[in-house]
Amino acid sequence: LADLPGGVAIYMSDNAWTGSSLKSNEGVLRLDIPKGGIARGSIFGYDPSSSSSTTLTLGNSWSKISGNFALSGSGDNVMVYCVKSDTSPRFIFAALYQDDWSPENTDPSSFSTNESARPGHLPDNCSVSLVDGKNKNWWYQGAMRQGTKSELLNSISERSRWSGDDASFYLNTDTEFQINRGIIMQTSMFWAIKLAGLALAFLY
């Protein structure tokens, strides 16, 4: 939904947000946008199991910053953000599955690895909570695929426009992914997440 200029760093984490900071007991990844940038509408992603011959653009270009980014089938969150000059996160999108957002709490230990508060300064249409207690695979199936930035975000952040399953399936995009015990997300940033042999693809 916007061009990404070269040199910008994007971070992805499954650490919980407490309301004032991200916990540090899980993982953080970083992608440095290559020279020339990424044009809006491009598909790129993260695939730690990929080789140098991966067809997923930027799939093996992410750096591990800390911890272990490993999504749990029993519930987890994904935060995508940039880092401001004061090192605090500027969130782009947040997603949670298998549970609902937890209340903010100044005690980080109150959050399990399956829980997170919703970043309060994010607009309402920049997060989604996928709650049903059983499905590990999720995909956006809303009819809206074209529209203004606001229209698309409103559609993508609406829970009723997502479907879930617990079986493997294929998602056809410009690149095809087999999803096995994973989560499918199509948002302003997310396209697909795969838990087993984690792979994450973005539509931006």
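Since this is a predicted model, take the numbers as computed values, not measurements.

A. Main features of the overall build of the chain. Helix and strand content of the chain: one helix and 13 strands. For the chain, the sequential pattern of α-helices and β-strands runs β-β-β-β-β-β-β-β-α-β-β-β-β-β. Each of the 204 residues in the chain was classed as buried or not, and the buried ones make up 49%. Carbon and sulfur atoms make up 45% of the accessible area of the chain, which amounts to about 9,400 Å² in all.

B. A look at the nonpolar core. Membership of the largest hydrophobic core comes to 40 residues, with the highest contact counts inside it found for Met12, Trp62 and Met79. Every element with two or more residues in this core is listed here: strand 1 (9-13), strand 2 (28-32), strand 3 (43-46), strand 5 (76-83), strand 6 (89-97), strand 7 (127-130) and helix 1 (149-156). Ranked by the residues each element gives to this core, the list is headed by strand 6, at seven residues.

C. Inspection of unusual backbone geometry at higher detail. Positive phi, close to 75°, is recorded for Thr87, a residue that is not glycine. Of note, Thr87 is situated in the loop between strand 5 and strand 6. On the basis of relative accessible area, Thr87 is assigned to the exposed category, the value being 64%.

D. Highlighting the confidence of the model for the chain. This prediction gives the chain a mean pLDDT of 75; 69% of its residues lie at or above 70. The lowest-confidence element of the chain is strand 11 (residues 176-179), averaging 32 in pLDDT; the highest-confidence one is strand 4 (residues 63-66), averaging 95. In the predicted structure, residues 170-201 sits below a pLDDT of 50 and forms 130 contacts with residues beyond four places in sequence or in another chain.

E. Structural view of the environment of Ala9. In this fold, Ala9 is placed in strand 1. Once the C-alpha coordinates of Ala9 and Ile33 are considered, the two residues, 24 residues apart in sequence, prove to be 6.1 Å apart. Not counting residues up to four positions away in its chain, the partners in contact with Ala9 are Arg30, Leu31, Asp32, Tyr81 and Cys82.

Procedures and definitions
Residues numbered from 1 in each chain as written. Predicted model: local features only at pLDDT ≥ 70, side-chain atom pairs only at ≥ 80, totals over all residues. Heavy atoms only, no water. Helix = DSSP H or I, 4+ residues; strand = E, 2+ residues; numbered from the N terminus. Buried < 20%, exposed > 50% of the residue type's maximum accessible area, 1.4 Å probe, protein only. Areas by Shrake-Rupley, 256 points an atom, 1.4 Å probe, with all protein chains shown as cover. Core = buried A, V, L, I, M, F, W, Y, C linked by side-chain atoms within 4.5 Å. pLDDT = per-residue confidence, 0-100. Contact = heavy atoms within 4.5 Å.

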